[in-house]
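A structural walkthrough
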Amino acid sequence: MAITLSLPTADGLLRPYTLQAAAPLAAARGAGRLPFNRIAYSAAHVVADPLAAVDPWLQCAIDWDTTIAYRQRLWSLGLGVAEAMDTAQRGMGLDWPTSLELIRRSLDAARDHPGALVASGCGTDHLALDAVRSVDDVIRAYEEQMEAIEALGGRLIVMASRALARVASGPADYERVYGRILRQARQPVILHWLGEMFDPALAGYWGGGSDVQAAMDTALGIIEAHADKVDGIKISLLDKDKEIAMRRRLPATGGADGQGVRMYTGDDFNYAELIAGDGHGPARVHGQSDALLGIFDAIAPAASAALSALAAGDEARFHEILAPTVPLSRHIFAAPTRFYKTGVVFMAWLNGHQQHFTMVGGQQSTRSLVHLAELFRLADAARLLDDPALAAQRMRTLLALHGVDA
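Residues numbered from 1 in each chain as written. Predicted model: local features only at pLDDT ≥ 70, side-chain atom pairs only at ≥ 80, totals over all residues. Heavy atoms only, no water.

1. Quick word on the overall build of the chain
Each helix and strand counted, the chain has 16 helices and 10 strands in total. Rg of the C-alpha trace for the chain: 21 Å, near the compact-globule value of 22 Å for 406 residues, within the 12% margin. With the C-alpha coordinates aligned to their principal axes, the bounding extent of the chain is approximately 60 × 50 × 45 Å. Put simply, the chain has 406 residues, and 57% of those count as buried. Sequence-distant contacts in the chain: of pairs separated by 6 or more residues, those separated by 24 or more amount to 75%. A total accessible area of about 15700 Å² is found for the chain, and carbon and sulfur atoms account for 51% of it. Distance between charge centres in the chain, computed from 37 positive and 46 negative side chains, equals 1 Å. (Helix = DSSP H or I, 4+ residues; strand = E, 2+ residues; numbered from the N terminus. Rg over C-alpha atoms; globule rule 2.2 N^0.38 Å. Buried < 20%, exposed > 50% of the residue type's maximum accessible area, 1.4 Å probe, protein only. Contact = heavy atoms within 4.5 Å. Areas by Shrake-Rupley, 256 points an atom, 1.4 Å probe, with all protein chains shown as cover. Lys, Arg positive; Asp, Glu negative; His and termini not counted. Charge placed at Lys NZ, Arg CZ, Asp CG, Glu CD.)

Pasting the structure below:
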């Protein structure tokens, strides 16, 4: 029987929407899944504990069992977990002590999944920005988090630092900070360039001001000087041309496997094209991107199925699977982009992976009902509602909370 409900539209009206009849997209799990020929990390969200007696804007309380269960789902689909990153609301509700506990629990859980990938965010977010006076303060902060994560056996994603963006006077300060951290790393790290659309406090990162080319030159210079300590770089600029230009300049030696430094796409608008690649140049790293994406949390079954198709040599099927997910992703990551986490958690709730639509920091309030209704439509079009009846029931609950009889 068709499921129809009334959803708000951008013109302020309620219009009937009937869910499509197509079966939800499924992906092979575990031994039944073809190994990927790209490294693929999903930046994973955290599940808040709605029963905790905390002030949500000031304190974070995590439902650990449900949070870890979601990571187990990602691993079962062949995806790695980029832990305690922006998608987990790092810097938007998730503090450093809770982040470290999250990393510890995730690494412990990964031991039950042979081959599971985990890389963990290392930053400077425990600093009070007003108290930061010099790049030495930034170095010490990075070292503190680095030591704590490596003591747990974790691999590092060196996150962009608001504190460094605040105190650095130019490219030389970035070279000094990153050089110091990379020389100390126990194993090759992933660098993280997060654009200001994700975090306005990171404007002008790498000391390039508004000149992205100058910023890219600085980042590439740091990578070239320490290629044996850099697995890859994730850039989240939502600009495929800039990513491709940088990818073609990455060192063809070094990296985690000696075959070059990888580009981990963080482009939630153009990921399919970038992962498929263009075959440019003789070095593998110049012609294709690997992935470290927040959207993979929300579209995990599609990402897994598409990557399996790509590994089997069926690029047409890869694009066929991912094409309907791109409008959904562009909507979730629409400006203000930093609020995309709300859409990611909303998807998890619709699909029954958590029992509530409550977020750390009260961030469920950052998107409008109209935005979430369109997200629901796009998720249905992409066959990403695992149980359409459950998703419709939960959508009706949200509508009722807003005074809408669906």
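2. Things to note about unusual backbone geometry
Here A335 and P336 are connected by a cis peptide whose omega angle stands at -5 degrees. One non-glycine residue, A84, lies in the positive phi region at around 55 degrees. In this fold, A84 is placed in the loop between β4 (80–83) and α2 (96–110). Judged by relative accessible area, A84 falls into the buried class, the value being 0%.

3. Here's the deal with the pairing of strand β10 (residues 290–293)
For a regular strand, side-chain orientation follows a simple rule: the groups alternate between the two sheet faces. The alternating pattern of β10 places D290 and L292 on one face and A291 and L293 on the opposite face, and all of these are buried. Summarising the sheet, strand β3 (residues 40–43) and β10 pair through three bridges and their orientation is parallel. By the bridge assignment, S42 is partnered in β10 with L293. As judged from the two bridges shared by strand β9 (residues 262–265) and β10, these two strands associate in the parallel manner. Of the residues in β10, the one forming a bridge with T265 is A291. (Pairing = 2+ DSSP bridges.)

Geometric values such as these leave the question of function open.
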